[in-house]
Amino acid sequence: MTIRDIIYDTNIRFILSGGKGGVGKTSCAGAMAVLSADQGLRTLVISTDPAHSLSDSFDQSLAGGDIIAVEGFKNLWGMEINTQKGMKEFQQSLGTAGSGPEMEMATQLLGGVDGMSPPGSDEAMAFGKILEFIGDNSYDRVIFDTAPTGHTLKLLELPELLDSWLGKILTLKQRLGAMLSGVRAMFGTEGQEDNSWELLKQSKEKIRLARLELSDPQTTQFVVVMIPEAMALFETQRLLASLNNWHIPVSNLVVNQLVPPNPSCGFCDRRHKMQQRNMEDIRDMYHDLDIIEVPLFEDEIRGVDGLRKLGMILIGNKEDDAP
Ligand SMILES: Nc1ncnc2c1ncn2[C@@H]1O[C@H](COP(=O)(O)OP(=O)(O)OP(=O)(O)O)[C@@H](O)[C@H]1O
Ligand SMILES: [Mg+2]
């Protein structure tokens, strides 16, 4: 399945863009979002990377954790998730969803100290957003711009980790159930409603469904982005191995920032030759993937026009062809 197929196949609801830092993940996510919207799909592009650059890429503020309409479109929205805001909302939801000693403990754990988020909460929040939009049919297509490789991997491991934690908690809670009600009776909070058990079961079910959606190649595609340099090659290999482990469908590899040959510039020519040697290895190693080569542009890729120009290359059109 090429990127062109992914863009035009309306069954594809989720596209994730990922790779090493600075290789062009956000630009590719933005480009695929613009092309999806150009086709009339109600499209949402979400940056789950705490170091956001979606606003810079679109040359418009998409910050603050709210869904914001992209200027010039009726069917394209963007959002940079906001960890602090997400945490507050989560705590509030806990506050109203439950009470009692377990909830107090959970709020404390999740809230961290002095308003600081505990480690891993960025990934948890990002994953929470993925869960939220998997269950939401208001968009025809949701594109996730993921954090550089390390973070993305953790995020993808979260479903199973949580699943196993929740599984343990559920069993524990079952065992402790009788004891807890005894404690409640002691403290006179016997009649208090406790729905944390239900909450945990629902989260587990949501994660199970998300894993099904994210591993279905007819619904989800992860587009891996890299640059033709040795360091990126190693990291890409690790990313692909993990995606494979988690059954996340991958059919495309974008090799970005290729320097064109230029005999009148020794520096450019050496870089070109180095990259071409790495390209041979890449083609060898990933012959089962569709490889899209993207040249290094003279300018940065900024704004909808720049993103559309990149998008045309991603789907194999010449710049001036209509999508
Ligand atoms: N083919 C290209 N030609 C020229 N500039 C490019 C190209 N691809 C990306 N860039 C520029 O490189 C910079 C990094 O791109 P981008 O933000 O898409 O990468 P990223 O992988 O999302 O980075 P980060 O890991 O920091 O989120 C941006 O300034 C972008 O405009
Ligand atoms: Mg980025």
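The structure we're discussing is the one just above.
These numbers come from a predicted model, not from an experiment. Counting starts from 1 at the beginning of each chain's written sequence and moves along it residue by residue. As a convention, the first chain written is A and the first ligand written is 1, with the rest following in written order. Only residues with pLDDT of 70 or above have their local features reported here, since the model is predicted, and side-chain atom pairs are shown and tallied only from 80 upward, although totals for entire chains, interfaces and linings are computed over all residues. The side-chain figures draw on all heavy atoms in the structure; neither hydrogens nor water molecules are used.

A.B. asks: Looking at this structure, I do not really get the packing of aromatic side chains. What am I missing?
C.D. replies: To describe a pair of aromatic rings, one takes the distance between the centres and the angle between the planes. Pairing of aromatic side chains requires ring centres within 6.5 Å, counting the rings of Phe and Tyr and the six-membered ring of Trp. Pairs whose planes differ by under 30 degrees are stacked, by over 60 edge-to-face, and all others tilted. Here the structure, examined in full by the defined rule, presents 3 aromatic pairs. Plain terms: the ring middles of Phe14 and Phe144 are 6.4 Å apart, the flat faces sit at 25° to each other, and that makes the pair stacked. Linking Phe14 in strand 1 (residues 14–19) with Phe144 in strand 5 (residues 141–145), this pair joins segments that are 130 residues apart in sequence. An aromatic cluster is defined as three or more aromatic residues linked by ring pairs; in this entry it consists of Trp77, Phe133 and Tyr139. For a ring to carry a charge above it, either NZ of a lysine or CZ of an arginine must fall within 6 Å of the ring centroid while also lying within 35 degrees of the normal to the ring plane. Lying across the ring of Tyr139, Arg42 places its NZ or CZ 5.9 Å from the centre. Between the NZ or CZ atom of Lys309 and the centre of the ring of Phe297, over which it lies, the distance is 4.7 Å. Where helices and strands are cited, they refer to DSSP runs of H or I of at least four residues and of E of at least two residues respectively, numbered from the N terminus.

A.B. asks: Would you mind going over the side chain of Lys25 with me for this structure?
C.D. replies: Position of Lys25 among the secondary structure elements: in helix 2 (residues 25–38). Only protein chains enter the accessibility calculation, which uses a 1.4 Å probe; a residue whose area is less than 20% of its type maximum is buried, one above 50% is exposed, and one in between is partly exposed. Judged by its relative accessible area of 6%, Lys25 falls in the buried class. If sequence neighbours within four positions are ignored, Lys25 has contacts with Ser17, Gly18, Gly19, Lys20, Asp145, Thr146, Ala147, Pro148 and Val225. Only heavy atoms enter the contact rule, under which two residues are in contact if any of them lie within 4.5 Å.

A.B. asks: For this particular structure, what's the right way to read unusual backbone geometry?
C.D. replies: Glycine aside, residues mostly have negative phi, and peptide bonds are mostly found in the trans state. Here Asp59, not a glycine, exhibits a phi torsion of approximately 55°, which is positive. Topologically, Asp59 is positioned in the loop between helix 3 (54–58) and strand 3 (68–69). In the Ramachandran plot, His247 falls in the positive-phi region, its phi being about 60° despite a non-glycine side chain.

A.B. asks: So what exactly am I meant to see when it comes to the packing of helix 9 (residues 230–245) against helix 10 (residues 266–285) here?
C.D. replies: The relative placement of two packed helices comes down to the angle between their axes together with the axis-to-axis distance. The geometry of helix 9 relative to helix 10 is characterised by a closest axis approach of 10 Å and an angle of 15° between their N-to-C directions. Considered as vectors, helix 9 and helix 10 are oriented roughly parallel to each other. Considering how the two elements wind past one another, helix 9 and helix 10 form a crossing that is right-handed. Every residue of helix 10 that contacts helix 9 at Ala230, Leu233 and Gln237 is listed here: Asn278, Ile282 and Met285. In this count, Pro and Cys sit with the nonpolar residues alongside Ala, Val, Leu, Ile, Met, Phe, Trp and Tyr, while Asp, Glu, Lys and Arg are called charged and the others, Gly among them, polar. Taken together, the residues that form the contact of helix 9 with helix 10 break down as 4 nonpolar, 2 polar and no charged. Between the N-to-C directions of two axes lies an angle of 0 to 180 degrees, each axis being a line fitted to C-alpha atoms and, for a helix, fitted only over the stretch in contact. Any angle between 65 and 115 degrees counts as roughly perpendicular, while under 35 counts as roughly parallel, over 145 as roughly antiparallel, and the rest as oblique. What makes a crossing left-handed is the near helix being turned counterclockwise from the far one by less than a right angle; a clockwise turn instead makes it right-handed.

A.B. asks: Please clarify how the packing of helix 2 against helix 11 (residues 303–314) should be interpreted in this entry.
C.D. replies: Two elements in contact, helix 2 and helix 11, have axes whose closest approach is 8 Å; the angle formed by their N-to-C orientations is 90°. By the angle between their axes, helix 2 is roughly perpendicular relative to helix 11. Every residue of helix 11 that contacts helix 2 at Ser27, Cys28, Gly30, Ala31, Met32, Val34, Leu35 and Asp38 is listed here: Val304, Leu307, Arg308, Leu310, Gly311, Met312 and Leu314. Along the lines of polarity and charge, the residues of the contact of helix 2 with helix 11 split into 10 nonpolar, 3 polar and 2 charged.

A.B. asks: Help me understand helix 11 in this model?
C.D. replies: Because an α-helix packs 3.6 residues into every turn, residues spaced three or four apart end up facing the same way. Each helix should span, by expectation, one fewer than its residue count multiplied by 1.5 Å. The terminal C-alpha atoms of helix 11, which comprises 12 residues, lie 17 Å apart, in line with the 16 Å expected from a rise of 1.5 Å per residue. Taking burial as the measure, the 12 residues of helix 11 include 9 buried ones, the bulk of the element. Among the residues of helix 11, those classed as buried are Gly303, Val304, Gly306, Leu307, Leu310, Gly311, Met312, Ile313 and Leu314. Note on helix 11: the residue one or two positions beyond its end, Gly316, has a positive phi of about 80°.

A.B. asks: Help me out: how do you make sense of the site of ligand 1 in this one?
C.D. replies: Surveying the vicinity of ligand 1 reveals 20 residues, the closest of which are Gly22, Lys25, Thr26, Ser27 and Phe297. Two N or O atoms form a polar contact when they lie within 3.5 Å of each other; inside protein one atom must be a possible hydrogen donor and the other a possible acceptor, and for residues adjacent in sequence the pair counts only when both atoms belong to side chains. Ser27 has a polar side-chain atom sitting 2.5 Å from an oxygen atom of ligand 1. Here an oxygen atom of ligand 1 sits 2.9 Å away from a polar atom, N or O, in the main chain of Ile301. Computed by Shrake-Rupley with a 1.4 Å probe, the accessible areas treat only the displayed protein chains as cover when residues are assessed. Expressed as a share of its isolated accessible area of 630 Å², the protein-covered part of ligand 1 is 79%. Secondary-structure elements contributing two or more residues to the shell around ligand 1 are helix 2, strand 7 (252–258) and strand 8 (290–295). With 3 residues, the top contributor of residues to the shell around ligand 1 is helix 2. A class-by-class count of the residues in the shell around ligand 1 yields 7 nonpolar, 8 polar and 5 charged. By convention in these notes, a residue is near a molecule or strand provided one of its non-hydrogen atoms lies within 4 Å of it.

Read these as layout, nothing more, since geometry by itself doesn't imply function.
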